[in-house]
Amino acid sequence: SRHQYPLKQEWPAELVQKYREAGYWRGETMTGFLRHNASEFAERIAIAGFSGDQWQRWTYAQLWNKVETAAAGFLALGLQPGDRVVVQIGNMPEFYSTVFGLFRAGLIPVYALPAHRHTEIVHFARKAEASAYVTMQQYEQFDYRALAREVQAQCPALEHVVIIGEAQEFHAFHGFKAQPGLLPTQDADPQAVAFLQISGGSTGLSKLIPRTHDDYIYSFRASNEICNITERSVYMVALPAAHNFPMSSPGAFGALYAGAAVVLSPNPSPEAAFPLIAQEQVTAVGLVPPLALLWAQAAQSSAYALTSLQVVQVGGAKLTPEAARRVIGGLQCQLQQVFGMAEGLVNYTRLNDSEETIIGTQGRPISPGDEILVVDDHGHPLDSGKTGYLLTRGPYTLRAYHNDDAANARSFTEDGFYRTGDVVLRTAEGYLIVQGRATDHINRAGEKISAEEIEDHLLAHPQVFDATVVSVPDEFLGERSCAFIIAKAGEQPRAIELKQWFKTRGVAAFKIPDQIVFVDSFGTTAVGKTSRKELRATLRQNLLDAE
Ligand code: J2J
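Residues numbered from 1 in each chain as written. Predicted model: local features only at pLDDT ≥ 70, side-chain atom pairs only at ≥ 80, totals over all residues. Heavy atoms only, no water.

J.: What is the right way to read the nonpolar core from this model?
T.: What tends to happen in soluble globular proteins is that the nonpolar side chains get buried as a cluster. One finds Phe74, Tyr96, Phe100, Phe253, Leu256 and Trp295 to be the most contacted residues of the largest nonpolar core, which totals 153 residues. With 9 residues, the top contributor of residues to this core is helix α3 (residues 60-76). Contact partners of Phe100, with chain neighbours within four places excluded, come to Met30, Phe33, Leu34, Val67, Phe253 and Leu256. (Core = buried A, V, L, I, M, F, W, Y, C linked by side-chain atoms within 4.5 Å. Buried < 20%, exposed > 50% of the residue type's maximum accessible area, 1.4 Å probe, protein only. Helix = DSSP H or I, 4+ residues; strand = E, 2+ residues; numbered from the N terminus. Contact = heavy atoms within 4.5 Å.)

J.: Got a minute to help me understand the site of the ligand in this structure?
T.: In the region of the ligand, 19 residues are neighbours, and Ser249, Val338, Ala342, Asp422 and Lys448 sit closest. Gly316 places a main-chain nitrogen or oxygen 3.0 Å from a nitrogen atom of the ligand. Ala342 has a polar backbone atom sitting 3.0 Å from an oxygen atom of the ligand. Out of a free accessible area of 620 Å², the ligand has 94% covered by protein chains. Breaking the shell around the ligand down by element, the ones donating at least two residues are α8 (244-248) and β16 (334-341). (Near = heavy atom within 4 Å. Polar contact = N/O pair within 3.5 Å; in protein donor to acceptor, adjacent residues only side chain to side chain. Areas by Shrake-Rupley, 256 points an atom, 1.4 Å probe, with all protein chains shown as cover.)

J.: When you look at the environment of Ile47 in this model, what are you seeing that I'm missing?
T.: Along the chain, Ile47 falls in strand β1 (residues 45-51). By relative accessible area, which is 0% here, Ile47 ends up buried. Separated by 21 residues in sequence, Ile47 and Arg26 place their C-alpha atoms 26 Å apart. Each residue touching Ile47, except ones within four places of it in the same chain, is listed here: Gln56, Arg57, Trp58, Leu63, Pro93, Tyr96, Leu256, Val262 and Leu264.

J.: Would you mind showing me how to read the layout of surface pockets here?
T.: In this approach, a probe sized like a water molecule rolls over the atoms, and the result shows the empty space that is left. Each pocket or cavity is described by its volume, and for the second largest pocket that value is around 810 Å³. Taken together, 31 residues form the lining of the second largest pocket, with Ala115, Pro240, Pro268, Glu447 and Phe510 sitting closest to its centre. Contributions of two or more residues to the lining of the second largest pocket are made by α11 (289-298) and β24 (447-450). Counting residues per element, the lining of the second largest pocket draws most heavily on α11, at 3 residues. Looking at which domains feed residues into the lining of the second largest pocket, each of domain 1 (29-222) and domain 2 (441-546) supplies at least three. (1 Å grid on protein atoms, 1.4 Å probe; cavity = no way out; pocket = protein on both sides within 12 Å on 5 of 7 lines; lining within 4 Å. Points joined across faces, edges and corners; volume = space filled by probe spheres on them. Domains from an automatic or database assignment.)

J.: Help me out: how do you make sense of the pattern of salt bridges in this one?
T.: Pairs can form between side chains of opposite charge whenever their charged atoms are close. Applying the stated criterion across every chain, the model contains 20 salt bridges. Linking Arg145 and Asp143 is a salt bridge whose minimum nitrogen-to-oxygen distance equals 3.1 Å. You can call Arg145 buried: its relative accessible area is 8%. Between Glu479 and Arg437 there is a salt bridge, with its nearest N and O atoms 2.6 Å apart. Separated by 42 residues along the polypeptide, Glu479 in strand β26 (residues 478-487) and Arg437 in strand β22 (residues 432-437) bring together distant segments of the chain. Glu479 sits in the buried class, given a relative accessible area of 18%. Three or more residues joined by partner-sharing salt bridges are found here, namely Glu120, Glu453 and Lys511. (Salt bridge = Lys/Arg side-chain N within 4 Å of Asp/Glu carboxyl O.)

J.: I'm lost on empty space enclosed by the protein in this one. Help?
T.: Enumeration according to the criterion identifies 2 cavities of 30 Å³ or more in this entry. Put simply, the largest cavity is a space of about 80 Å³. Looking at the lining of the largest cavity, its residues break down into 9 nonpolar, 3 polar and no charged. The volume enclosed by the second largest cavity comes to roughly 30 Å³. What lines the second largest cavity is Arg211, Tyr216, Ser219, Ser223, Asn244, Ser248, Ser249, Gly344, Val346, Ile366 and Tyr396. Breaking the lining of the second largest cavity down by element, the ones donating at least two residues are α7 (213-227), α8 and β17 (344-348). Per-element accounting of the lining of the second largest cavity gives the leading share, 3 residues, to α7. (Nonpolar A, V, L, I, M, F, W, Y, C, P; charged D, E, K, R; others polar.)

J.: Please explain the packing of aromatic side chains as it appears in this structure.
T.: Within a pair of aromatic rings, the relevant descriptors are the distance that separates the centres and the angle that separates the planes. Evaluation of the coordinates by the stated rule reveals 30 aromatic pairs. Chaining the aromatic ring pairs together yields one cluster made of Phe33, Phe95, Tyr96, Phe100, Phe103, Tyr111, Phe195, Tyr216, Phe220, Phe253 and Tyr257. Its end group placed over the ring of Phe142, Arg117 keeps NZ or CZ at 3.6 Å from the ring centre. Across from the ring centre of Tyr401, 5.2 Å away, lies the NZ or CZ of Lys207, which sits over that ring. (Phe/Tyr/Trp six-rings, centres within 6.5 Å; stacked < 30°, edge-to-face > 60°. Lys NZ or Arg CZ within 6 Å of the ring centre and 35° of its normal.)

J.: Got a minute to help me understand the packing of helix α15 (residues 451-459) against helix α16 (residues 495-505) in this structure?
T.: Relative placement of two packed helices is described by the angle separating their axes and the distance separating the axes. The interhelical angle for the contact between α15 and α16, taken along N-to-C directions, is 100°, at an axis separation of 10 Å. Relative to α16, α15 is oriented roughly perpendicular. Note on element contacts: α16 touches α15 through Trp501, Phe502 and Arg505, opposite Ile454, His457 and Leu458. Along the lines of polarity and charge, the residues of the contact of α15 with α16 split into 4 nonpolar, 1 polar and 1 charged. (Axes fitted to C-alpha atoms, helices over the stretch in contact; angles between N-to-C directions. Parallel < 35°, antiparallel > 145°, perpendicular 65-115°, else oblique.)

Below is the structure:
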């Protein structure tokens, strides 16, 4: 059941025409703009970061060279245009030579995070029907070649494994040879899918989000303007490079589009990032709220000058007004709130907005073409000033998940509006204030965890009779996960055993419940609850009442 190449996203013809006429979609491609910048900005620094323990600086011309070599290497393996390739690479320059190499070869990257383990990688590979996997020798003390072996054993369709670093039995990325004759002579169709991004996964496993060249390039080109990213900017990727925020809002792709420099911090701690900010004169960075607070505090006693920083963007989870004030006070630079999603829609506070707006809202959409509806329980649109469910449609918001009819049936209205799952208030000026959400996931410091997915792993444990996972407010993380467990009669696993269980299940460590509470039953108030959703709400409330 291979999907037709090129993969497409179906916008109705009248919207396609509208988005083109408005100049949102300009027929650019990911390869086209980078090739152009490789001649326009040839000697400027494109990317700086650690490759292993070596600090590297690549100019635009060097980056393009590496991209062409990577592209030839992938094609020499026998991969065909349109094949999907799972990419799991940390914050190292090779992340970009790999993904642009795949674009150049006409291949479709599927972005995994370094934290993902075999259960997630196998899921992405199967959903995408991928035939190759690119990962690293080692990152943050973890050996990804061992992971690749597990993944390949479970998913033999994943025929080729390419390793950055010492490859052992796999293909060595650094052994790829330039072979210009292998490369396609034409760039992709701008309306074709360029890659598959992964969703936060509010129900069950992560879904795959197809993003086209036209739609994604529009989102970061327009973001550059809103965020004032120019060829003089130095943008730091502190969050994982594969995440949509540091990739496109305006992210590394926006920076590369502008001819700016991208600086990679190997992790987002102040210890790793601050010396690099000082050394490379970083001007902009995107952070999640807990990190922004940590940075604001660390800046008070840091030996490194952060004076080059002009804008700190904060998004991924709600930044409260009090936290916003602390970020501004601690980092002494401009704050920009970002409320975005890998599915598309991104909102920003504008750099010249009033302090009240910057502190008190999550911004407004990028584009006049973004259609926003705030609706009640029955789907009826509400006036501004009222709180309801956020629906959206627009020139860079998906129309369908990849290969997932069930998710598509519940995630879109008949008119093609995407149900974001977020509960918002829209001000009279069109700014959005995030109030909560309709779906049961845990937003743990910006990492979205599906309650259902974690419950399924717990239910697979031989001593667990039933499990319900909820989010609870957490001073540092924003939210943490708490699992309520009913053990099987006469058995009581220890909390530590349940946590270790997740290791053997092969899932990302951020999904391990932060708190485990053993109960005899889910309580009398919970009996007769018709849905898991109601049950979760009751258990969460009980826990909060008890504290
Ligand atoms: C409250 N909730 C927020 C915010 C995201 C830019 C920035 C972030 C993401 C991202 C992104 C929030 N306040 N400021 O892709 O390009 C929650 C919402 C949203 C979900 C999306 C980008 N910013 N959120 O976080 O796909 O619930 O994208 O629907 O990971 O994060 O998560 P994700």
